[in-house]
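Here are the chains, one letter per residue:
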Amino acid sequence: MPDFKERYGPVALVTGASSGIGAAFAEALAARGLNLVLVARRVDRLQELAGRLERDHGVGVEVCPVDLARPDAAERMLSATAALDVGLVVSNAGFGMKGDHADNDPLAMAEMLQVNCNVPMQLTRGFAPRLRERGRGGFILTSSVEGLIGCPYSAAYSATKALVKSLGEALWAELQPDGIDVLTVCPGATESEAAARAGVDPATLRNVMKAEDVAELALDNIRNGPTFVSSEHYRATFDKLLSMPRRDALMAMAAGMKGSATDQNRGG
Ligand SMILES: NC(=O)c1ccc[n+]([C@@H]2O[C@H](COP(=O)([O-])OP(=O)(O)OC[C@H]3O[C@@H](n4cnc5c(N)ncnc54)[C@H](OP(=O)(O)O)[C@@H]3O)[C@@H](O)[C@H]2O)c1
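Parameters at a glance
Residues numbered from 1 in each chain as written. Predicted model: local features only at pLDDT ≥ 70, side-chain atom pairs only at ≥ 80, totals over all residues. Heavy atoms only, no water. Helix = DSSP H or I, 4+ residues; strand = E, 2+ residues; numbered from the N terminus. Contact = heavy atoms within 4.5 Å. Phe/Tyr/Trp six-rings, centres within 6.5 Å; stacked < 30°, edge-to-face > 60°. Buried < 20%, exposed > 50% of the residue type's maximum accessible area, 1.4 Å probe, protein only. Lys NZ or Arg CZ within 6 Å of the ring centre and 35° of its normal. Pairing = 2+ DSSP bridges. Axes fitted to C-alpha atoms, helices over the stretch in contact; angles between N-to-C directions. pLDDT = per-residue confidence, 0-100. Parallel < 35°, antiparallel > 145°, perpendicular 65-115°, else oblique. Left-handed = near helix turned anticlockwise from the far one by under 90°. Arc of directions from axis to C-beta. Near = heavy atom within 4 Å. Polar contact = N/O pair within 3.5 Å; in protein donor to acceptor, adjacent residues only side chain to side chain. Areas by Shrake-Rupley, 256 points an atom, 1.4 Å probe, with all protein chains shown as cover. Nonpolar A, V, L, I, M, F, W, Y, C, P; charged D, E, K, R; others polar.

### Considering the environment of Met 209
Counting through the fold element by element, Met 209 comes out in the loop between α7 (194–197) and α8 (211–220). Sequence separation between Met 209 and Gly 188 is 21 residues, and the spatial gap between their C-alpha atoms is 7.6 Å. Among residues more than four places away in sequence, those in contact with Met 209 are Ala 189, Thr 190, Glu 191, Val 214, Leu 217, Ser 230 and Ser 231.

### Looking at the packing of aromatic side chains
Across all of its chains, the model carries one aromatic pair by this definition. With centroids separated by 4.7 Å and ring planes inclined at 50 degrees, the aromatic side chains of Phe 4 and Tyr 8 adopt a geometry described as tilted. Placement of the pair is Phe 4 and Tyr 8 together in helix α1 (residues 4–8), with a separation of four residues, close to one helical turn. Summarising the burial analysis for this pair, Phe 4 and Tyr 8 share the class buried. A cation sits over an aromatic face here: Arg 32 above Phe 4, 4.8 Å from the ring centre.

### Focus on the sheet that holds strand β5 (residues 137–142)
The parallel open sheet is built from seven strands, whose spatial order is β3-β2-β1-β4-β5-β6-β7. Each edge of the open sheet is held by one strand with a lone partner, namely β3 (61–65) and β7 (227–229). Pairs of neighbouring strands in the sheet enclose a mean axial angle of 20 degrees, with direction left out of account. Judged from the four bridges that link them, strand β4 (residues 86–91) and β5 form a sheet pairing that is parallel. When the sheet's bridge partners are listed, Leu 88 is paired in β5 with Gly 138.

### Some points on the confidence of the model for the chain
In this model, the chain carries a mean pLDDT of 94, and residues with pLDDT of at least 70 account for 96%. Confidence drops under a pLDDT of 50 for residues 259–266, and excluding neighbours within four residues, the segment shows 29 contacts in the predicted structure.

### Details of the packing of helix α2 (residues 20–31) against helix α3 (residues 43–57)
Remark: α2 packs on α3, axes separated minimally by 10 Å, with the N-to-C direction vectors making an angle of 20 degrees. Taken as axis vectors, α2 and α3 run roughly parallel relative to one another. For the pair α2 and α3, the sense of crossing is right-handed. Touching Ala 23, Ala 26, Glu 27, Ala 30 and Ala 31 of α2 are Leu 49, Arg 52, Leu 53 and His 57, all from α3.

### Considerations on helix α4 (residues 73–80)
Regarding α4, the residues found buried are Ala 73, Ala 74, Met 77 and Leu 78. Buried residues along α4 cover an arc of 135 degrees about the axis, so they all sit on one side.

### Things to note about the site of the ligand
Near the ligand lie 31 residues; those nearest to it are Ser 18, Ile 21, Arg 41, Tyr 157 and Ser 192. In this structure, Gly 16 approaches the ligand through a main-chain N or O atom, which is 3.0 Å from an oxygen atom. Within the side chain of Arg 42, an N or O atom sits 2.8 Å from an oxygen atom of the ligand. When the free accessible area of the ligand is taken as 880 Å², the share hidden by the protein chains comes to 97%. Looking at the shell around the ligand, the elements with two or more residues in it are α2, α6 (155–175) and α7. Counted by class, the shell around the ligand contains twelve nonpolar, 13 polar and six charged residues.

### Observations regarding unusual backbone geometry
Following Gly 9, the chain continues to Pro 10 via a peptide bond in cis, the omega torsion being 5 degrees. Tracing the chain through its elements places Pro 10 in the loop between α1 and β1 (11–15). Cis geometry marks the peptide bond from Gly 225 to Pro 226, where omega comes out at 15 degrees. Inspection of the secondary structure puts Pro 226 in the loop between α8 and β7. The backbone of Tyr 153 sits at a positive phi, close to 65 degrees, despite the residue not being glycine. With respect to the secondary-structure elements, Tyr 153 resides in the loop between β5 and α6.

Following this line, the structure appears as structure tokens:
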């Protein structure tokens, strides 16, 4: 898109930029000439990425270390960028947990709700007036194909991603008249640190996309919201599931996962 920098620049904020899809978003945005604010906890990773992007693409990159599990996380990002003309907010940070719902650690579930749901909700609330005032800009929210239907043996994570999808769809309609694009990206299995973090052996994943491709496709489709499933394979799979009677779809998914809660053969 030739006017990408004009429409979404000069500054983009990317959460979860220290690895995986977020780092790929940062790279792709720097290549499009946007200055960046990079958010995550691992400041060493962010600094290394910032230095490389500044060198390779001649953009300005600020590092903003925030633990998104803190209740004031969104406020911190809004304050840290108060003096910057942010035109694009990529709310991408998140994590999951797999397995029998009853085995999940309740504290980890509460943290997941904060990072995966409350942060995008507060961040979009805080940035919407700033983008409205500019009359142009965008939000990209990273959900998952698991946000499209309740996924057995990933119940809590799947529910957090459904919230992100609903949030993004509603905001797409609310913000269209103001010239603000909202795209909710639903990746399938993607190369990143997510699987290992969720206790899944990445070698068991199938039909895996590269994080770079997910980010690039999302940016190319930013005006094609509200929702974008980045993987052709997962788009076909989930279209089929969603066309089935709901009970049949859920039982088929549960059967596929049964006894192999860590055998992830679908996207996270
Ligand atoms: N990989 C997949 O198969 C897949 C599929 C569908 C959707 N997704 C979604 O894609 C998004 C990116 O995940 P990924 O696959 O790229 O995984 P990843 O490599 O594990 O990256 C997750 C990012 O989120 C950040 N993060 C997690 N908890 C945080 C916290 N408390 N505070 C600040 N930052 C935090 C991490 O940074 P620090 O650890 O440095 O803080 C990291 O930068 C997530 O929302 C995930 O749910 C992934």
